[in-house]
Amino acid sequence: MSTDEHIFCCACHSGDLRLARGMLSQETRQSRLVFVNAVNKGGWTPLLRAAAMGHNKVVEFLLQQRADIDVAHRRDGWTALHLAAQRGAANVVATLVAGRANVASRNSAGETPLHTAVHSDDSNADVRHALLRAGACANTPSAVTGESPVHVAARSFSTRALRQLLSAKGSVDAPDTVAGNTPLFTALGSRCIGCVRLLLECGTSVAQRNAAGLTPVQKATELQHTGAVTIFREVAAQRREQRQLAALLLARVRPASSVAQVVPRFLWRRLFGAASSEVEQRQAFLPLLGTWLNSDAERPARIAAAMDEVRRACLLSTRLCARSCVCVDADASAPVGITVCVLCVR
């Protein structure tokens, strides 16, 4: 790198757009292209420096001068998008995305810019939003650690980031490609109870095993996390009750069928409001799970009593109309309640 190129690179690093513009105005078209893509001994280009410092005006100027938008640092493979995401510079990220920067680019650690945005700060919501809108995938695993951005959020105590990724089609059950851990295992290993609760609210499995053959209950026992063991066992028991209730309702709609292990999707749609996939079926009874973290010794007995009432109501008094209309109500005092809509009472 020549002296002039070094000065130009420093101008971009400091955000001195006037100096950078003045230096390029004295160069030919061909030499301008050399200037904006010059690499110093540390592996930095003017665009990388400007993006790392969050100088949006300089980044816009360099892109207008045909700077390579996907150039990577020679040592760690970070692109301008990685650097802007790490800094939390939402305006720079938006400029790079508008310039068609590759949102799936990977650094030497095998991570995408979305990984970086989750790593750096829980407040980078605008950066993550811009990346997700540009097509970044919340389930892309790192080529080295095998973790997706969802895993990174789960172990970083970033409940806000985790919620944002899950709402953007992030998977609650996808295991990493190295240890086979789901995000629930990752959050459990970091003892992030907020992320554990959020994942359970979103229907993650408490029975799925990792590559070592452990379930979340067994992992929590290994980590001596007795609170998590209690939570997981209660969730598993509630989901078994959910299946039993669905089987009872199924028997009312189709008396000839035996107790079913898998409830037909059409029945879930009609009974529980468009719940069809496995995760959606787990989410159908979310009001049941409102007091997981409360130390309520009477809760198991109250749940059992409520379920007995449900069974009696379902078997004795509940009648389904010709269109199989069933209303499902839930509140904190009665985890499940089955009623019949007014139009169905005869």
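Check the entry above for the structure.
Throughout, a residue's number is its position along its own chain's written sequence, starting from 1. Predicted model: local features are reported for residues with pLDDT of at least 70 only, side-chain atom pairs are reported and counted for 80 or more only, and whole-chain, interface and lining totals are derived from all residues. In computing side-chain values, all of the structure's heavy atoms are included and hydrogens and water are not.

**Brief notes about the overall build of the chain**
Going by this rule: Secondary structure counts use DSSP, requiring at least four H or I residues in a row for a helix and at least two E residues in a row for a strand, with both numbered from the N terminus. Remark: exposure states derive from per-residue accessible area (1.4 Å probe, protein chains only) relative to the maximum for the residue type, with buried under 20%, exposed over 50%, and partly exposed in between. The contact criterion used is simple: two residues touch if any of their non-hydrogen atoms lie within 4.5 Å. The protein chains shown are the only cover counted for residues, whose accessible areas, like all others here, come from Shrake-Rupley with a 1.4 Å probe.
Tallying secondary structure elements over the chain gives 18 helices and two strands in all. Counting over 346 residues, the chain shows a buried share of 46%. Long-range pairs, those at least 24 residues apart, make up 63% of the contacts in the chain between residues at least 6 apart in sequence. As presented, the chain carries roughly 17100 Å² of accessible surface, and 51% of it is formed by carbon and sulfur atoms.

**Structural notes on the environment of His-6**
Within the secondary structure, His-6 sits in helix H1 (residues 3–14). Its relative accessible area of 41% is what places His-6 among the partly exposed residues. On a C-alpha basis, the gap between His-6 and Val-39 in space is 8.9 Å, while along the polypeptide they are 33 residues apart.

**So, the side chain of Asn-40**
Rule in force here: We define a polar contact as two N or O atoms separated by no more than 3.5 Å, with the added condition that, inside protein, one atom must be a possible hydrogen donor and the other a possible acceptor, whereas residues neighbouring each other in sequence contribute only through side-chain atom pairs.
With respect to the helices and strands, Asn-40 occurs in the loop between helix H3 (29–36) and helix H4 (46–53). For Asn-40, a relative accessible area of 12% gives the class buried. Looking at Asn-40, its side chain comes within polar contact range of the main-chain nitrogen of Trp-44, at 2.8 Å.

**A few points about unusual backbone geometry**
A positive phi is found at Arg-66, a non-glycine position, where the angle reads about 70°. Residue position: Arg-66 is located in the loop between helix H5 (56–64) and helix H6 (80–87). According to the relative accessible area criterion, Arg-66 is exposed, its value standing at 58%. Located in the positive-phi region is Lys-169, a residue other than glycine, with phi close to 70°.

**Focus: the packing of aromatic side chains**
Keep this limit in mind: Only Phe, Tyr and Trp rings take part, Trp by its six-membered ring, and two of them pair if their centres are within 6.5 Å. Stacked means planes under 30 degrees apart, edge-to-face means over 60, and tilted covers everything else.
Enumeration over the complete set of coordinates arrives at one aromatic pair. A ring pair is formed by Phe-8 and Phe-35, whose centres lie 5.7 Å apart and whose planes are at 75°; its orientation type is edge-to-face. Separated by 27 residues along the polypeptide, Phe-8 in helix H1 and Phe-35 in helix H3 bring together distant segments of the chain. One exposure class covers both Phe-8 and Phe-35, and it is buried.

**Digging into the packing of H5 against helix H7 (residues 90–98)**
Rule in force here: Only the contacting stretch of a helix is used when fitting its axis, a line to C-alpha atoms as for every element, and angles between N-to-C directions run 0 to 180 degrees. Should an angle fall under 35 degrees it is taken as roughly parallel, and over 145 as roughly antiparallel, whereas 65 to 115 is taken as roughly perpendicular and any remaining angle as oblique. In this scheme, a crossing is called left-handed if the near helix is turned counterclockwise away from the far one by less than a right angle; it is called right-handed if the turn is clockwise. Each residue gets one of three labels, nonpolar for Ala, Val, Leu, Ile, Met, Phe, Trp, Tyr, Cys and Pro, charged for Asp, Glu, Lys and Arg, and polar for the others, Gly among them.
Packing of H5 against H7 brings their axes to within 9 Å, and their N-to-C directions diverge by 15°. Relative to H7, the element H5 lies roughly parallel. The two elements H5 and H7 cross, and the hand of that crossing is right-handed. Where H5 approaches H7, its residues Asn-56, Val-59, Glu-60 and Leu-63 are matched on the opposing element by Asn-91, Val-92, Thr-95 and Leu-96. For the contact of H5 with H7, a count of residues per class yields four nonpolar, three polar and one charged.

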